[in-house]
Amino acid sequence: MNLEFYQQAKEKILGRKRENQGIGTLSEKTIHAVIKNAYEPDEARQEIPLEGYVADIFRDGQVFEIQTAGFDRLRKKLATFLPLYSTTIIYPIPSIKWLIWIDPVTGEYSKPRKSPLRGNIYFIFPELYKIKSYLKEENLHIHIILMEMSEYRLLNGWSKDKKKGSNRYDRIPGEITEELLLEKKEDFMQFIPEEWRLDTKKKFTSKEFAQFAGISVSLSQVTLNILFDLGIVKRCGKKGNAYLYQIQFK
């Protein structure tokens, strides 16, 4: 992403929020609005009616969709757009997240507290699973953006401290820390630990992959399910009840 355009988009959108006395006052959430304006500053190319749907951005025959969650909601759009247009899904992930709580009665904000959970590129795989049948389409591209975020949540949950079951109010983007572009099947090799890419004879389980990638076993299983379906890895037996995998794609 062009960092100059990104900074300009933040200033534009956050300035508009301030004019409206606070975050969450516009129908469009801040992360979505900033990324859309960073990708395409010309509003004439935003929110374009196309094939019975509305594309976030339509430029030079290409579709760009910013999706912060819920890739299952994209399935009908993808079924329509992909046979006709190059389509890029842009997915932001919080690499570092600061939590700010809002009292819905008084409107008071808490001091920001750093969340212990750090995001990484593998966090996209549960979403990719929802559009698994489209991942081999040549017209589909994925742009992952890891960024710092400030997340504002309402103290309206069911627990004693009102935090469990609370609603997210808005997220404010910060510094971009990493980007990953998946334009073709080979690009998914980037999710394989670097030293394993050179050793196609190495066999590993989802637990071993999780340890090497620094993710949970459940996330590792989803990741390997997708990589297996794409032909990046193959199953080559079992170790106990667990599948053994090998790198297949060179």
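Report follows, based on the coordinates. (Residues numbered from 1 in each chain as written. Predicted model: local features only at pLDDT ≥ 70, side-chain atom pairs only at ≥ 80, totals over all residues. Heavy atoms only, no water.)

## A few points about the overall build of the protein chain
Okay, so step 1: Scanning the protein chain from N- to C-terminus turns up seven helices and nine strands.
Okay, so step 2: Taken over C-alpha atoms, the radius of gyration comes to 20 Å for the protein chain, in line with the 18 Å a tight globule of 250 residues would show.
Okay, so step 3: Judged by the C-alpha coordinates and their principal axes, the protein chain covers about 60 × 50 × 30 Å.
Okay, so step 4: Within the protein chain, buried positions represent 48% of all 250 residues.
Okay, so step 5: Expressed as a percentage of contacts within the protein chain between residues at least 6 apart in sequence, the contacts between residues at least 24 apart total 59%.
Okay, so step 6: Put simply, the protein chain shows about 13400 Å² of open surface, and 48% of that area lies on carbon and sulfur atoms.
Okay, so step 7: The average position of the 40 basic charges and that of the 33 acidic charges among the side chains of the protein chain differ by 9 Å. (Helix = DSSP H or I, 4+ residues; strand = E, 2+ residues; numbered from the N terminus. Rg over C-alpha atoms; globule rule 2.2 N^0.38 Å. Buried < 20%, exposed > 50% of the residue type's maximum accessible area, 1.4 Å probe, protein only. Contact = heavy atoms within 4.5 Å. Areas by Shrake-Rupley, 256 points an atom, 1.4 Å probe, with all protein chains shown as cover. Lys, Arg positive; Asp, Glu negative; His and termini not counted. Charge placed at Lys NZ, Arg CZ, Asp CG, Glu CD.)

## A word on the side chain of S166
Okay, so step 1: Along the chain, the position of S166 falls in the loop between β6 (140-154) and β7 (168-182).
Okay, so step 2: Other than its neighbours up to four places away in sequence, S166 contacts W101, R153, L154, N156 and G157.

## Quick word on the pairing of strand β3 (residues 62-66)
Okay, so step 1: Of all the five residues making up β3, four are buried; the element is thus mostly covered by neighbouring parts of the structure.
Okay, so step 2: The sheet contact formed by strand β2 (residues 53-59) and β3 spans three bridges and is antiparallel. What sits directly across from I57, in β3, is F64.
Okay, so step 3: Hairpin connection between β2 and β3: a loop of two residues separates the two successive antiparallel strands, and D60 in this loop has a positive phi of roughly 50°. (Pairing = 2+ DSSP bridges.)

## As for unusual backbone geometry
Okay, so step 1: Not every positive phi belongs to a glycine, and E47 is a case in point at roughly 50°.
Okay, so step 2: Residue placement: E47 occurs in strand β1 (residues 46-50).

## Here we look at the packing of aromatic side chains
Okay, so step 1: Under the defined criterion, the tally for this structure stands at 17 aromatic pairs.
Okay, so step 2: Ring centres of Y39 and F64 lie 5.4 Å apart, and the angle between their planes is 50°; on these two criteria the pair is classed as tilted. Taken as a pair, Y39 in helix α2 (residues 30-39) and F64 in strand β3 lie far apart in primary sequence, 25 residues in all.
Okay, so step 3: Plain terms: the ring middles of Y122 and F209 are 6.1 Å apart, the flat faces sit at 85° to each other, and that makes the pair edge-to-face. Taken together, the residues Y122 in the loop between β5 (113-114) and α4 (125-130) and F209 in helix α6 (residues 206-213) connect sequence positions 87 residues apart.
Okay, so step 4: A relative accessible area of 0% means that F209 is categorised as buried.
Okay, so step 5: Ring pairs connect the aromatic residues Y122, F125, F188, F191, W196, F204, F209, F212, Y243 and Y245, which therefore count as one cluster.
Okay, so step 6: The lysine or arginine in question, R235, covers the ring of F228, its NZ or CZ lying 4.1 Å from the ring centre.
Okay, so step 7: Over the ring of Y243 we find R235; its NZ or CZ atom is 4.2 Å from the centre of that ring. (Phe/Tyr/Trp six-rings, centres within 6.5 Å; stacked < 30°, edge-to-face > 60°. Lys NZ or Arg CZ within 6 Å of the ring centre and 35° of its normal.)

## Some thoughts on α6
Given 3.6 residues per turn, any residue in an α-helix points the same way as the ones three and four places further on.
Okay, so step 1: Taken together, the buried positions of α6 are occupied by S206, F209, A210 and A213. One face of α6 carries all of its buried residues, which in axial projection span an arc of 105°. Along α6, exposed side chains directed more than 90 degrees from the buried face belong to K207 and Q211.
Okay, so step 2: Structurally, α6 contributes buried residues whose contacts are with α5 (194-197), α7 (217-229) and β9 (242-247).
Okay, so step 3: Of the residues trailing α6, G214 is marked for its positive phi of about 75°. (Arc of directions from axis to C-beta.)

## Some words on the layout of surface pockets
Okay, so step 1: In this structure, the largest pocket occupies an estimated 240 Å³ of space.
Okay, so step 2: Along the wall of the largest pocket there are 14 residues; nearest its centre are Y91, P94, K97, F123 and R171.
Okay, so step 3: Put simply, the parts of the chain that give the lining of the largest pocket at least two residues each are β4 (86-102) and β7.
Okay, so step 4: Among the elements that line the lining of the largest pocket, the one with the most residues is β4, at five residues.
Okay, so step 5: In terms of residue class, the lining of the largest pocket is built from seven nonpolar, two polar and five charged. (1 Å grid on protein atoms, 1.4 Å probe; cavity = no way out; pocket = protein on both sides within 12 Å on 5 of 7 lines; lining within 4 Å. Points joined across faces, edges and corners; volume = space filled by probe spheres on them. Nonpolar A, V, L, I, M, F, W, Y, C, P; charged D, E, K, R; others polar.)

## Here's the deal with the pattern of salt bridges
Okay, so step 1: Applying the stated criterion across every chain, the model contains 10 salt bridges.
Okay, so step 2: For E40, the salt bridge is made with R59, and the minimal N-O distance between the two is 2.9 Å. Of this pair, E40 sits in the loop between α2 and β1 while R59 sits in strand β2, and the two are 19 residues apart along the sequence.
Okay, so step 3: A residue is classified by how much of its surface remains accessible, and R59, at 17% relative accessible area, is buried.
Okay, so step 4: Across the salt bridge formed by K77 and E65, the nearest N and O atoms sit 3.0 Å from each other. On the criterion of sequence distance, the pair formed by K77 in helix α3 (residues 75-81) and E65 in strand β3 is long-range, its members being 12 residues apart. The same class applies to K77 and to E65, which are both buried.
Okay, so step 5: Put simply, K97, E151, R153 and R168 are held in one network by salt bridges that share partners. (Salt bridge = Lys/Arg side-chain N within 4 Å of Asp/Glu carboxyl O.)

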